[in-house]
Amino acid sequence: MNLRFKVLRGGQRQSGLSLIELMIALALGLVLTLGVVQIFLGSSQTYRLSDALGKVQENVRFSLGTLQYDARMAGHFGCLIGEPFNQLDQTDAAYDPTVYENGAVIGWEAANTGLGDEFTITTLAASGNAWSNGTGDAIPTDIQGQIIPGTDFLVFSGAQRADVDLTGNPGPPANALTTNGNSNIDQGTILTVIASDCSGADLFQKSNAANSSSLTKGSGGSPGNINPSGGFAGDYDDDAKVYVFTSTAYFIGEGASGEPALFRERLDAGATGAVELAEGVENMQILYGVATGVDRAADRYVTAANVTNWDQVVSVRMALLFRTGDRIVDEEAARSFNLAGTEITTQSDRRSRVIGLSTVGIRNRLE
């Protein structure tokens, strides 16, 4: 059928479109539209993938950077030669040897995640107590029930220099050190004071308020001090240095958004609870470099279950598995990853994953 028409105007003829020409035009328009839609969908998918992986890479850098710093500084007590004299009350219920007697690092291995083991993630809910180490240490009370099964965790201990100057301390003090103005150190804080010649130190709990111009080893507190009215074991003058003692656990738990996340929690007195550092951290496996020779170089890397003397640990190898928040992979599937010698199989989903790996020497153990 031909739908041509003509209109006579001043003897001129004007022709319209035929049905075939109209159908061809519509088909070409549809093809172009589909092409534009395909380009848009492809660009959108690429953007979602790039954005999700960018967020994961940011979490990788931040998580490893934080762990690396604490690992390097583990066991730091200024210039101290040897161990500080422990003035804390070891008979108090709040006294935890794994917190206050940990020279630098101590860790726990999740069940069935040793070297060469294969572990399949079946839950991301924190539960259980299936962790152990080679020295039989109990899991610190503060983090029990917060850790996701199948993930290793560890605790770093050390000290950070306090912003306080001593004055008026010419000789052996009784149970207090005088400061230049208010100490601004909270009551209950665990402190280490180190002699100016680095020959001795005391570990104690500060019993007076932050607005006091002294650091008092008095009574009260948790765990408190032994012989609160007695003097320090060391001889401290105005050149002595004061450090804040810290003991920090790193573990994988349930994040605020429901995603698995890397957490950090102070375990020493005055701690304020767990802090979520980065979400989407699905698993963590840790190996410890053990040195048995005089050169203090790691002879081998073993799991926490095979460390029998934590004073011999000179380095830490940490492998973390990160996942995207968005489901950006085309097909749903379970995937396997090698994390520091342990094969971890994920749950079946459409998330993309990245491994972060770092080996860090503990400076105070390598010297």
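Scope of this entry: the structure provided in the associated data block. (Residues numbered from 1 in each chain as written. Predicted model: local features only at pLDDT ≥ 70, side-chain atom pairs only at ≥ 80, totals over all residues. Heavy atoms only, no water.)

In terms of nonpolar packing, the biggest core is built from 71 residues, with Phe156, Tyr288, Val316 and Leu320 touching the most fellow members. Counting residues per element, this core draws most heavily on strand 15 (residues 313-323), at 7 residues. With residues near it in sequence (within four places) discarded, Val316 still touches Val105, Leu154, Phe156, Ile286, Leu287, Tyr288, Ser358, Thr359, Val360 and Ile362. Core analysis: the second largest hydrophobic core is formed by 14 residues, Ala162, Val193, Phe204 and Leu215 among them. (Core = buried A, V, L, I, M, F, W, Y, C linked by side-chain atoms within 4.5 Å. Buried < 20%, exposed > 50% of the residue type's maximum accessible area, 1.4 Å probe, protein only. Helix = DSSP H or I, 4+ residues; strand = E, 2+ residues; numbered from the N terminus. Contact = heavy atoms within 4.5 Å.)

When you line up the elements, Asp165 lands in the loop between strand 5 (153-161) and strand 6 (176-178). Looking at Asp165, the relative accessible area reads 52%, which means it is exposed. Sequence separation between Asp165 and Asp311 is 146 residues; the distance between their C-alpha atoms is 32 Å. Those residues in contact with Asp165 that sit more than four places away from it in its chain are Thr178, Thr179 and Asn180.

Right, let's get into the sheet that holds strand 17 (residues 342-345). Spatial ordering of the open sheet is given by 3-17-16, a layout of 3 strands whose pairing is mixed. Strands with a single pairing partner mark the edges of an open sheet, and in this sheet they are strand 3 (118-120) and strand 16 (336-339). Mean inter-strand twist for the sheet, computed between neighbouring axes without regard to direction, equals 25°. Sheet topology places strand 16 next to strand 17; 4 bridges connect them, and they run antiparallel. (Pairing = 2+ DSSP bridges. Axes fitted to C-alpha atoms, helices over the stretch in contact; angles between N-to-C directions.)

Quick look at the pairing of strand 17 now. Along any regular strand, the residues point their side chains to alternate faces of the sheet. Examined bridge by bridge, strand 3 and strand 17 share 3 bridges and lie parallel to one another. When the sheet's bridge partners are listed, Thr120 is paired in strand 17 with Thr345. Turn length for the strand 16-strand 17 hairpin, with the two strands adjacent in sequence and antiparallel, is 2 residues, and the turn residue Ala340 shows positive phi of about 50°.

Glancing now at the state of the cysteines. Using the criterion set out here, one finds 1 disulfide in the structure. With its sulfur 2.0 Å from that of its partner, Cys79 forms a disulfide with Cys198. Its torsion about the S-S bond being -95°, the disulfide of Cys79 and Cys198 is classed as left-handed. Separated by 119 residues along the polypeptide, Cys79 in the loop between helix 1 (19-73) and strand 1 (85-86) and Cys198 in the loop between strand 7 (190-194) and strand 8 (201-205) bring together distant segments of the chain. Judged by its relative accessible area of 38%, Cys79 is partly exposed. (Disulfide = S-S within 2.5 Å.)

Moving on, we get to the sheet that holds strand 15. Spatially, 4 strands are ordered 14-13-15-18 in an open sheet, and the strand pairing comes out antiparallel. A single partner strand is all that each edge strand has here, and the edge strands are strand 14 (300-302) and strand 18 (353-361). Between one strand axis and the next, the sheet turns by 25° as a mean value, whatever way the strands run. In this structure, strand 13 (residues 281-290) lies alongside strand 14, joined through 3 bridges in antiparallel fashion. From the neighbouring strand, Gly289 faces strand 14, where its bridge partner is Tyr301.

Quick look at the side chain of Asn208 now. Along the chain, Asn208 falls in the loop between strand 8 and strand 9 (214-216). Assessed through its relative accessible area of 13%, Asn208 is described here as buried. Engagement of the side chain of Asn208 in a polar contact is seen with the side chain of Thr216, the distance being 3.3 Å. Not counting chain neighbours up to four residues away, the residues in contact with Asn208 comprise Gln187, Ser214, Leu215 and Thr216. (Polar contact = N/O pair within 3.5 Å; in protein donor to acceptor, adjacent residues only side chain to side chain.)

Here the focus is a nonpolar patch on the surface. On the surface, Leu19, Leu22, Met23 and Leu26 cluster together into a nonpolar patch covering about 410 Å² of accessible area. Structurally, the position occupied by Leu26 is in helix 1. Judged by relative accessible area, Leu26 falls into the exposed class, the value being 57%. (Patch = residues over 30% accessible without salt bridge, like charges linked within 9 Å, V, L, I, M, F, W, Y side chains within 5 Å. Areas by Shrake-Rupley, 256 points an atom, 1.4 Å probe, with all protein chains shown as cover. Salt bridge = Lys/Arg side-chain N within 4 Å of Asp/Glu carboxyl O.)

Turning our eyes to something else, we now look at the packing of aromatic side chains. This structure, assessed with the given rule, holds 10 aromatic pairs. Three or more aromatic residues joined by ring pairs form one cluster here, namely Phe77, Tyr95, Tyr100 and Phe245. One cation-aromatic arrangement involves Arg161 over Tyr243; the distance from NZ or CZ to the ring centre is 6.0 Å. If you follow Arg317 out to its NZ or CZ, it ends over the ring of Tyr301, 4.0 Å from the centre. (Phe/Tyr/Trp six-rings, centres within 6.5 Å; stacked < 30°, edge-to-face > 60°. Lys NZ or Arg CZ within 6 Å of the ring centre and 35° of its normal.)

Another aspect to go through is the side chain of Thr66. Assignment of secondary structure puts Thr66 in helix 1. When its relative accessible area of 13% is taken as the criterion, Thr66 is described as buried. Side-chain polar atoms of Thr66 contact the backbone oxygen of Phe62, separated by 2.9 Å. Setting aside chain neighbours within four positions, we find Thr66 in contact with Tyr250, Arg264 and Leu277.

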